[in-house]
Amino acid sequence: MLTQLFSGARRRPLSSLSEQEVLALAIASEEDDARIYLAYADQLRAAYPHSAKVFEDMAEVENTHKNMLIDMHRRRFGERIPLIRREHVRGFLERKPDWLQKNLSPDAIRREAELMEQQAYRFYVEAAKQTSDAGTRALLHDLALAEQGHEDIARMLDERHRPEEVREEEQETAHRQFVLTYVQPGLAGLMDGSVSTLAPIFAAAFATQDTWQTFLVGLSASVGAGISMGFTEAAHDDGKISGRGSPIKRGLACGIMTALGGLGHTLPYLIPNFWTATIAAVIIVFFELWAIAFIQNRYMETPFLRAAFQVVIGGGLVLAAGILIGSG
């Protein structure tokens, strides 16, 4: 917070810039935006080549604007362009570096591009107000209108490079990547956490009749299983050959869902009364197993009845084993 406050204090207001500095800032901004669009294109090219072409064309538009601004600066002020960038001026949103923008979905990248164009439009409107040269003011007004019309340009480029069948193909690719990176590891974790922890938790419950001790057993089993499953998922496949995506994301999805699966029927044992806690835990187990069957049906295209039958039978056997072991 203090860093942002002091960095903001070191920035200059737009109104303090000379006309030469306004042109220099506009040149740097157009150049930066072109580079950002090219970075987006590079990021999208492997999986979404048609969307990548859209951003390549948008980068060409930004470079055209930059060249127009350089010509204006050359006519008015000569060849030397002052070094001033957006981070030197108050009011500009900070642009994240490329390495923080990786793995964004195509839709998220398009939203980022829309924000960039909106900011550029507002900058040109304000910059035009403080220029006295008629030619410069006209150019800035034209660029403001161009930035405002970039949504139409982007739509036109999108329609040219991404016809309906291409959009459907890219949506299918994005859905498949989501399933591989998040749903499959998360489902594996949820199944492991929900089913494998049933036996130790209910065995401890019926063996001790102590809700607090049962809670501690369930907590340790859930957290331990989550850590183990998360590291196993992240370590066994880097995603480069399988195309399953970032191992860190998959490991987090698997580990978190494993822990949540076990904690679901562990938390009721914070209730002091043993039978109340156990009945609540059994009810939660039912909803956990239903959620697993639903996810299998929704994302893995497994028939719901078959998924429910498999999960209920498996979960029921593990639950019965835990109760029998604890009661013995």
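Small disclaimer: the values here were computed from a predicted structure and weren't measured.

About the cut-offs
- Residues numbered from 1 in each chain as written.
- Predicted model: local features only at pLDDT ≥ 70, side-chain atom pairs only at ≥ 80, totals over all residues.
- Heavy atoms only, no water.
- Helix = DSSP H or I, 4+ residues; strand = E, 2+ residues; numbered from the N terminus.
- Buried < 20%, exposed > 50% of the residue type's maximum accessible area, 1.4 Å probe, protein only.
- Contact = heavy atoms within 4.5 Å.
- Areas by Shrake-Rupley, 256 points an atom, 1.4 Å probe, with all protein chains shown as cover.
- Core = buried A, V, L, I, M, F, W, Y, C linked by side-chain atoms within 4.5 Å.
- Phe/Tyr/Trp six-rings, centres within 6.5 Å; stacked < 30°, edge-to-face > 60°.
- Axes fitted to C-alpha atoms, helices over the stretch in contact; angles between N-to-C directions.
- Parallel < 35°, antiparallel > 145°, perpendicular 65-115°, else oblique.
- Left-handed = near helix turned anticlockwise from the far one by under 90°.
- Nonpolar A, V, L, I, M, F, W, Y, C, P; charged D, E, K, R; others polar.
- Expected span 1.5 Å × (residues − 1).

Draft legend 1. View of the overall build of the protein chain. What the protein chain contains, in helices and strands, is 12 helices and zero strands. Seen in sequence order, the protein chain has helices and strands lined up from the N terminus as α-α-α-α-α-α-α-α-α-α-α-α. Each of the 328 residues in the protein chain was classed as buried or not, and the buried ones make up 42%. A separation threshold of at least 6 residues defines the contact pool for the protein chain, and within that pool the share at least 24 residues apart is 76%. As presented, the protein chain carries roughly 17,900 Å² of accessible surface, and 62% of it is formed by carbon and sulfur atoms.

Draft legend 2. The arrangement of the environment of R137 in detail. The topology assignment puts R137 in helix α5 (residues 134-148). You can call R137 partly exposed: its relative accessible area is 35%. It is 9.3 Å that separates the C-alpha atoms of R137 and Y124, two residues lying 13 residues apart in sequence. If sequence neighbours within four positions are ignored, R137 has contacts with A128, T131 and S132.

Draft legend 3. Structural context of the nonpolar core. Of all hydrophobic cores here, the largest spans 20 residues; its most connected members are L17, L25, L69, F123, Y124 and L140. Sorting the residues of this core by element identifies α2 (19-44), α3 (49-77), α4 (106-129) and α5 as the ones contributing at least two each. Counting residues per element, this core draws most heavily on α2, at six residues. Apart from the residues within four sequence positions on either side, L69 is in contact with L23, A26, I27, E30, Y124, L139, L140 and L143.

Draft legend 4. Quick look at the packing of aromatic side chains. A full pass over the atoms with the stated rule returns 10 aromatic pairs. A ring pair is formed by Y37 and F55, whose centres lie 5.9 Å apart and whose planes are at 40 degrees; its orientation type is tilted. On the criterion of sequence distance, the pair formed by Y37 in helix α2 and F55 in helix α3 is long-range, its members being 18 residues apart. In this pair, the class of Y37 matches that of F55, namely buried. An aromatic cluster is defined as three or more aromatic residues linked by ring pairs; in this entry it consists of Y37, Y40 and F55.

Draft legend 5. Expanded view of the packing of helix α8 (residues 198-208) against helix α11 (residues 274-299). Running from amino to carboxyl end, α8 crosses α11 at an angle of 165 degrees, the nearest separation of the two axes being 11 Å. Here α8 is positioned roughly antiparallel relative to α11, judged by the angle of their axes. When the axes of α8 and α11 are compared, the crossing they make is left-handed. Between α8 and α11, the residues in contact are L198, F202, A205 and F206 and F274, W275, T278, A281, V282 and V285, respectively. Of the residues that constitute the contact of α8 with α11, the class distribution is nine nonpolar, one polar and no charged.

Draft legend 6. Examining α3 more closely. Relative to the 42 Å expected for 29 residues at 1.5 Å per residue, α3 spans 41 Å between its end C-alpha atoms, a close match to the ideal helical length. Taken from the residues just after α3, G78 is the one with a positive phi, measuring 95 degrees.

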